[in-house]
Amino acid sequence: MARAFDTADDGRPVAWHRGLCYTRGDFRLAVAAWAERFAADSHPRYGLYCQDAYPFAVLLFALWQAGKQVWLAANNRPDTGALLESEDCRLLGDWPAHGLSGPDFNAISIEANGATDTQLAGSASFSRPWAAWRAWTSGTDRQPPDLALFTSGSTGVAKPIFKSRRQLWREVAGLEAQWGGILGASPVAGTVGHQHIYGLLFRVLWPLAAGRAFVSETALDAAGLPERVCWIASPAHLKRLDAESPWAKIAGFPAVFSSGGPLPAAAEERLVARAGHAAWEVYGSSETGGIAWRRFPDNGWRLFAGLTLSPDGELSSPYLPDAEPYPLDDALAWRADGCFELMGRRDRIVKIEEKRLSLTELEQCLLAGGWLAEAVALPISGRRDAVAVAGVLSATGHRLMLGDGRKALIAELREGLLRHFEAVLLPRRWLFFSMLPETSAGKPDVPALRRWLVSDDRLPLPRQVRWSGDSVELTLKIPADLRYFADHFPRFAILPGVVQLAWVEYYGRLLFGFVVPFRSLEAIKFVQPIRPDSELQLNLTWRAAAGRLAFEFRDTDRAYSSGRLIQI
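Values in this document were obtained by computation on a predicted structure and should not be read as measured data.

Rules used in this analysis
- Residues numbered from 1 in each chain as written.
- Predicted model: local features only at pLDDT ≥ 70, side-chain atom pairs only at ≥ 80, totals over all residues.
- Heavy atoms only, no water.
- Axes fitted to C-alpha atoms, helices over the stretch in contact; angles between N-to-C directions.
- Helix = DSSP H or I, 4+ residues; strand = E, 2+ residues; numbered from the N terminus.
- Parallel < 35°, antiparallel > 145°, perpendicular 65-115°, else oblique.
- Contact = heavy atoms within 4.5 Å.
- Nonpolar A, V, L, I, M, F, W, Y, C, P; charged D, E, K, R; others polar.
- pLDDT = per-residue confidence, 0-100.
- Core = buried A, V, L, I, M, F, W, Y, C linked by side-chain atoms within 4.5 Å.
- Buried < 20%, exposed > 50% of the residue type's maximum accessible area, 1.4 Å probe, protein only.
- Phe/Tyr/Trp six-rings, centres within 6.5 Å; stacked < 30°, edge-to-face > 60°.
- Lys NZ or Arg CZ within 6 Å of the ring centre and 35° of its normal.
- Expected span 1.5 Å × (residues − 1).
- Pairing = 2+ DSSP bridges.

### Some points on the packing of helix H7 (residues 165-183) against helix H8 (residues 197-210)
Thought 1: Where H7 meets H8, the axes come as close as 10 Å, and the angle between the chain directions of the two elements is 70°. It follows from the interaxial angle that H7 and H8 lie roughly perpendicular. Between H7 and H8, the contacting residues are Leu168, Glu171, Val172, Leu175, Glu176, Trp179, Gly180 and Leu183 on the first element and Ile197, Leu201, Phe202, Leu205, Trp206, Ala209 and Ala210 on the second.
Thought 2: Among the residues forming the contact of H7 with H8, the class breakdown is 12 nonpolar, 1 polar and 2 charged.

Rendered as structure tokens:
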């Protein structure tokens, strides 16, 4: 296989970026020019974030060529930049200009203007991708790591995971051995970010090493992709494909991959029915790399070649930094054919009123009842420890909610759980989304869910969150014990207008992720007073280009307040 790609010439496409096709020659020149620039800088560590995959690949390989350690950020928020800087990283790529130090590398020149023959010779191995990888991955895993990725696991707390180029080479070679024959010369595009391990491997390193071209921009809409691409997707994206999706285009893709969590059976069935083929699902983590794969309708996971897994879940893998077995966080059920099924995370055991509860078991019971399509259970603290559930209604659950109301739905959910759990362990707070908030890796956003479910005498109780494009409708319960009602006014308590505006900004940030503060108000109207124990809808519409957040508090019959918050 290595020899098959050694003859790739400089005119061969390596990536499509912003309407242009870049060749291997372009890539080699750009890497050489940037590597020379980085080599002249004594700083050993860089925090890299790029929106698009081609400039990311240029900078990543140039940094490695210059002997630098690269830390990949999951996003380019100011807090993330500050975290990287606290680890002595110099920020590089698409970072906001405000409050960040280091040289100005924001305006990336993709071409290498004026590259010399010496630079060209120094990067010549890029015309032979497998040979380049072999040269770069010589040495041992005990050498200082070349890459750090951030993962939050089940806790939501970011931590760096270190990798060597040698580990990455092994995994790339394993992917090519497993699926290279199916992909052939197909280009690669993805809905997932390349700043995480899955997107990094599948969207950037694997195609570069195998001589396949890749689409630089994140490809959420399959309709705009070239014909017969390999689509690197996530469960979050695939489960949202509907009757209007470009199924004829997807049917022509030689392979669709999914990772980051289990792909629901309903999404697999729809993919098979509409496109004629199932996705290849990959199981793994930032710490372990890829572990196993499966393909619908078989629910069993098959280990990648060269990996072993003990009956109690200890992994031995060439993608790990050393030979020590790695204990998995997931419980496994082994089948007679040597495949295994996942039974949930081992470490999601909490104590509620001194009684042990498996959050995974609770979620599985909720899904088995048929009222929810997705469920995430989280412990919450207040006057007493309790469990909260964020869920997405199934079609059956949605009909029950519309017909009989929220209380009837929750009663059905609780009745189903009482068959398995004591009453003290049942969830005390429920929040229903039209789609769960997710990370850029396509997993439930645990920190965001905690913020939604927090108990606080300054915030209303969210009941339901329904998305529609750039607009969101929140159903909110206004508790009588909020701190604002005590003094405003004692004999006729109403919710202050300034508090309403603060809630608009709070939920706007939570839903839409903007960071720039609002500077002015427009068309503000307070029509009716909001009283304790009200249940209202808060409608929010975010116009990112204009920096405007429109809002309206209302119930079925009337509006209470409305207006717009403006950033600029």
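### A look at the confidence of the model for the protein chain
Thought 1: When pLDDT is averaged along the protein chain, the result is 85; 88% of the residues meet or exceed 70.
Thought 2: Taken element by element, the predicted model of the protein chain shows its lowest mean pLDDT in helix H1 (residues 2-5) (32) and its highest in strand E14 (residues 302-303) (97).
Thought 3: Of the regions scoring below 50 in pLDDT, residues 98-130 engages in 78 contacts with residues more than four places distant in sequence or in other chains.

### Overview of the nonpolar core
Generally speaking, nonpolar side chains in soluble globular proteins are found buried as a group.
Thought 1: Counting 67 residues, the largest nonpolar core has Leu60, Trp179, Phe202 and Phe257 as its most contacted members.
Thought 2: Leave out the neighbours within four places in its chain, and Trp179 touches Phe202, Trp206, Phe257, Trp280, Val282, Trp293 and Phe304.
Thought 3: Ranked by size, the runner-up nonpolar core spans 44 residues in total, among them Leu436, Trp503, Val504 and Phe553.

### Quick word on the packing of aromatic side chains
The geometry of an aromatic ring pair is captured by the separation of the ring centres together with the interplanar angle, meaning the angle of the planes.
Thought 1: Per the stated rule, a full pass over the model turns up 31 aromatic pairs.
Thought 2: By the ring-pair criterion, three or more aromatic residues cluster together here, those being Trp179, Tyr198, Phe202, Trp206, Phe257, Trp280, Trp293 and Phe304.
Thought 3: When the ring centre of Phe492 is taken as origin, the NZ or CZ atom of Arg531, which lies over that ring, is 4.0 Å away.

### Remarks on helix H3 (residues 53-65)
Thought 1: Across its 13 residues, H3 extends 18 Å between first and last C-alpha, which sits within 8% of the 18 Å expected from 1.5 Å per residue.
Thought 2: Summarising burial for H3: 12 of the 13 residues are buried, a large majority.
Thought 3: Buried within H3 we find Ala53, Tyr54, Pro55, Phe56, Ala57, Val58, Leu59, Leu60, Phe61, Ala62, Leu63 and Trp64.
Thought 4: Immediately beyond the C-terminal end of H3, within one or two residues, lies Gly67, with a positive phi of roughly 80°.

### A word on the sheet that holds strand E25 (residues 461-468)
Thought 1: A sheet is described by the order of its strands in space; here 9 strands give the open sequence E22-E23-E24-E25-E26-E28-E29-E30-E27, paired in mixed fashion. Of all the strands in the sheet, just strand E22 (372-380) and strand E27 (520-526) have a single pairing partner and so form its edges. The average undirected angle you get between the axes of adjacent strands in this sheet is 15°.
Thought 2: Pairing of strand E29 (residues 548-554) with strand E30 (residues 559-566), which is carried by 7 bridges, proceeds in the antiparallel orientation. Directly across from Phe553, in E30, lies its bridge partner Ser561.
Thought 3: Packing against the sheet, helix H12 (residues 359-368) makes contact with E22, strand E23 (386-393) and strand E24 (429-433), and its axis sits at approximately 150° to E22.

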